[in-house]
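Secondary and tertiary structure notes
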Amino acid sequence: MKLAARAGRIVPSPTLAITAQAKALAAQGVDVIDFASGEPDFDTPDHAKAAAEAAIRTGFTKYTPSSGTDELRHAIAKKLEADHGLRYDKSQILVSCGAKHSLYNLAEAFYEAGDEIIIPTPYWVSYSDQVLLNDATPVFLPTFEEEGYAIARARLESVITPRSKAIIVNSPCNPTGAMYDRATLEVIADVALRHNLLIVSDEIYEKICYDGITQTSIASLSPEVFARTVVINGVSKAYAMTGWRIGYAAGPKELLTAMANIQSQSTSNATSISQKAAVAAINAGDEFPSRMVKEFDRRRRLMVQRLNQMPGVHCRLPQGAFYAFPNVSGVLHRRGPQGLLTTPADLATYLLTDARIAVIPGEPFGSSAHLRLSYATGYEAVATGMDRMEAALRKLS
Ligand SMILES: Cc1ncc(COP(=O)(O)O)c(C=O)c1O
């Protein structure tokens, strides 16, 4: 069978491999602690569930407008204005089946052969694969732990070519937990304006920020930046609704219309029932995410403190999202029972088999020095998991 070339350009998500291994062990009755999944352990809030139940009972179970219900697009517009002062017309908002789908619609509508899409590293795994699936080229822009993963102007300028078409901004960031300050956002915006780049601002972790800092949307910097930014967001992380599959994009009308047309010929509307639940979640405001963040904060501090006590490991305190991203280069090249651990992937496998903790190695995020651990698990799980990890690392020679 001759498959389309694009299918051969990507590999199945490597993060799923370790998750599958962890699940297989759990199915055999092994007590595995899961630091791999990227979703809150909190339950979806009752008001969202009640809205979904009411939707089912009242027969709100048919097709909706392909781009999303007026009610949901109105709730999104109101939220974007209240949170960031961004004003969008309904025609500039597209509701899709998760933020990943929003990003994919954008990739299909905007990227093509010859285009270069700038992705700061470390980065969320799907950005580069979505670029490749749409015939364009990912261009990786290194950012560094010791600089707080900030984007340096000179380095950004150095990767720009006449083919550069967009830059993807993810703040707070999965996997690093870093959040761009205003000065960094201004550098990105300035360079994007001067080089005619689209700014893709993935704000899915917007509500998960710590220490009283709030996220700034790059689109809010000026009318010129607003005009060339697509904001991507959704309900998955903020309202513990990963399975409901509601994401959205807001941005320039011409682009959003093209994205909406693509969606109308592929998935059509996101689930009617989930759209009702999303309206309830968004309209209820920040009480739910704030409660969740308070609990994540306890776990964040515990996990980072424990990681920093382990030999050969150091970890920055994340400013947002729910991941610790420890640097484990001081552990690599030590010897475990199965031989030398030379890569984060080797270390992740060792931790799964020896310590029974599932973590994601840094490679799929573009790092050969880190692991990613989610603390959206439980306080006790973090405490026990860190005990196990420390004991396993101390065994290495
Ligand atoms: C940075 C980032 N963007 C987008 C998504 C996709 O979220 P959704 O569940 O809305 O598709 C994720 C999910 O892990 C993510 O980490």
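Residues numbered from 1 in each chain as written. Predicted model: local features only at pLDDT ≥ 70, side-chain atom pairs only at ≥ 80, totals over all residues.

As a further point, take the overall build of the chain. For the chain, the count of helices and strands is 13 helices and 14 strands. Against the 2.2 N^0.38 benchmark of 21 Å for 397 residues, the chain shows a C-alpha radius of gyration of 21 Å, consistent with a compact globule. Across its three principal axes, the chain shows a C-alpha extent of roughly 60 × 55 × 55 Å. Buried residues in the chain amount to 49% of all 397 residues. A fraction of 71% describes how many contacts in the chain between residues 6 or more apart in sequence connect residues 24 or more apart. (Helix = DSSP H or I, 4+ residues; strand = E, 2+ residues; numbered from the N terminus. Rg over C-alpha atoms; globule rule 2.2 N^0.38 Å. Buried ≥ 20, exposed ≤ 12 C-beta atoms within 10 Å, placed from the backbone. Contact = placed C-beta atoms within 7 Å.)

Here the domain parsing of the chain yields domain 1 (5-43 + 288-394) and domain 2 (60-284). Just the C-alpha atoms count here: the centres of domain 1 and domain 2 sit 26 Å apart. No other element matches helix H11 (residues 287-308), which puts seven residues into the side of domain 1 that touches domain 2. In terms of residue class, the side of domain 1 that touches domain 2 is built from 15 nonpolar, nine polar and eight charged. (Domains from an automatic or database assignment. Nonpolar A, V, L, I, M, F, W, Y, C, P; charged D, E, K, R; others polar.)

Once that is clear, we can look at the sheet that holds strand E6 (residues 198-202). One open sheet accounts for seven strands, arranged E2-E8-E7-E6-E5-E3-E4; its pairing is mixed. Both edges of this open sheet fall to strand E2 (93-96) and strand E4 (137-142), since each of them pairs with a single strand only. Direction aside, the axes of adjacent strands within the sheet are offset by 20° on average. For strand E3 (residues 116-121) and strand E5 (residues 164-170), the ladder comprises three bridges, and the chain directions are parallel. (Pairing = 2+ DSSP bridges. Axes fitted to C-alpha atoms, helices over the stretch in contact; angles between N-to-C directions.)

Here we take up unusual backbone geometry. For the peptide bond that leads from serine 171 to proline 172, omega is -5°, which places it in the cis range. Mapped onto the secondary structure, proline 172 falls in the loop between E5 and helix H7 (182-194). Here asparagine 174 and proline 175 are connected by a cis peptide whose omega angle stands at 25°. Located in the positive-phi region is aspartate 211, a residue other than glycine, with phi close to 60°. C-beta crowding within 10 Å serves as the criterion here: with 10 such atoms nearby, aspartate 211 is assigned to the exposed category.

Here we take up the nonpolar core. Considering soluble globular proteins, one finds that nonpolar side chains tend to be buried as a cluster. Ile199, Leu351 and Val359 are the most contacted members of the largest nonpolar core, which totals 121 residues. Split by domain, the residues of this core number at least three in each of domain 1 (5-43 + 288-394) and domain 2 (60-284). Among all residues touching valine 359, those that are not within four sequence positions of it are Phe35, Ala36, Ala348, Leu351, Leu371, Arg372 and Leu373. (Core = buried A, V, L, I, M, F, W, Y, C linked by C-beta atoms within 7 Å.)

One open sheet holds the three strands; their spatial order is E9-E14-E13, and the pairing between them is antiparallel. Among the strands making up the open sheet, the edge pair consists of strand E9 (323-324) and strand E13 (360-361). Sheet analysis places E9 next to strand E14 (residues 371-374), joined by two bridges and oriented antiparallel. In the strand pairing of E14, tyrosine 323 is matched with serine 374.

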